[in-house]
Amino acid sequence: FDDSGNSIVDQKGELVCTFPFPSMPVYFWNDENGKKYFNAYFNKYSGVWRHGDYIKITSSGGIIVYGRSDATLNPGGVRIGTAEIYRIVETMDEISDSLVIGENINNDVRVILFVVLQGKLELSDELVKKIKSKIKSFATPRHVPSLIFSVDDIPRTISGKKVEIAVTKIFNCGSIENKDAFINPESLAQYYSIKSKIE
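Here goes a summary of the coordinates provided. (Residues numbered from 1 in each chain as written. Predicted model: local features only at pLDDT ≥ 70, side-chain atom pairs only at ≥ 80, totals over all residues. Heavy atoms only, no water.)

Looking at the nonpolar core
Piece 1. Among the nonpolar cores identified, the biggest contains 37 residues, and Ile-85, Leu-113, Phe-114, Ile-131, Phe-171 and Tyr-191 are the most heavily contacted of them.
Piece 2. Contributing elements (two or more residues each) for this core: α2 (82-89), β6 (95-105), β7 (108-117), α3 (125-138), β8 (147-150), α4 (164-171) and α5 (188-198).
Piece 3. Of all the elements, β7 adds the most residues to this core, at 7 residues.
Piece 4. Ranked by size, the runner-up nonpolar core spans 5 residues in total, among them Met-24, Tyr-37, Phe-42 and Trp-49. (Core = buried A, V, L, I, M, F, W, Y, C linked by side-chain atoms within 4.5 Å. Buried < 20%, exposed > 50% of the residue type's maximum accessible area, 1.4 Å probe, protein only. Helix = DSSP H or I, 4+ residues; strand = E, 2+ residues; numbered from the N terminus.)

Next comes the structure, spelled out in structure tokens:
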């Protein structure tokens, strides 16, 4: 679907399921009124499951998956999927993991990249330039982060997914709920510390 809920072909849009399917969950644990379940899948299109991924169905019947639609950045009004940045950064020998978010600032979005470096490497000015150059070369100038920080760990859910939303909330003064779903909630302390230093 596009943002208005129209079915589209040969364009990037939201992956939706318009009929029930065998593997869909029917409720979330400890979600007695179903609010979390509804907000996760049904709050965008009335009565239609929104899976949370951008895809394109081609006219020849193929499907291209672009990554999470709830993990997008909008610097200068240009919509960027975080997976587009991960695909570039995480091929670098110096980087073992990464996380990217958007911070709302001055009526725009500032892209911030966090990297876990290999071994005992440090985030030098030279490495920062190398990261930015590679992102610009393999994507666009809009993909290049304004700030890059070295961190020890990337917050993840118990199932291993990066928790971009939690770090985004830290940098946009939001509250983080359901830390029980994190495999490493202690990792968030470093992001609070970085946030306090750049304010």
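Now that the structure has been shown, the text picks up again.
Notes on the packing of aromatic side chains
Piece 1. This structure, assessed with the given rule, holds 12 aromatic pairs.
Piece 2. When the centroid spacing of 5.9 Å and the interplanar angle of 55° are considered together, the rings of Tyr-37 and Phe-42 count as tilted. Considered together, Tyr-37 and Phe-42 belong to a single accessibility category, that of buried residues.
Piece 3. A connected cluster of aromatic rings, assembled from ring pairs, spans Phe-21, Phe-28, Tyr-37, Tyr-41, Phe-42 and Trp-49.
Piece 4. Taking the ring centre of Tyr-86 as reference, the NZ or CZ of Lys-162 above it sits at 3.6 Å. (Phe/Tyr/Trp six-rings, centres within 6.5 Å; stacked < 30°, edge-to-face > 60°. Lys NZ or Arg CZ within 6 Å of the ring centre and 35° of its normal.)

Considerations on the packing of α2 against α3
Piece 1. At a minimum axis distance of 10 Å, the contact between α2 and α3 shows a crossing angle of 120°. Here α2 is positioned oblique relative to α3, judged by the angle of their axes. Seen along the crossing, α2 lies across α3 with a hand that is right-handed. Note on element contacts: α3 touches α2 through Ile-131, Lys-134, Ile-135 and Phe-138, opposite Ile-85, Ile-88 and Val-89.
Piece 2. Partitioning the contact of α2 with α3 into residue classes produces 6 nonpolar, no polar and 1 charged. (Axes fitted to C-alpha atoms, helices over the stretch in contact; angles between N-to-C directions. Parallel < 35°, antiparallel > 145°, perpendicular 65-115°, else oblique. Left-handed = near helix turned anticlockwise from the far one by under 90°. Contact = heavy atoms within 4.5 Å. Nonpolar A, V, L, I, M, F, W, Y, C, P; charged D, E, K, R; others polar.)

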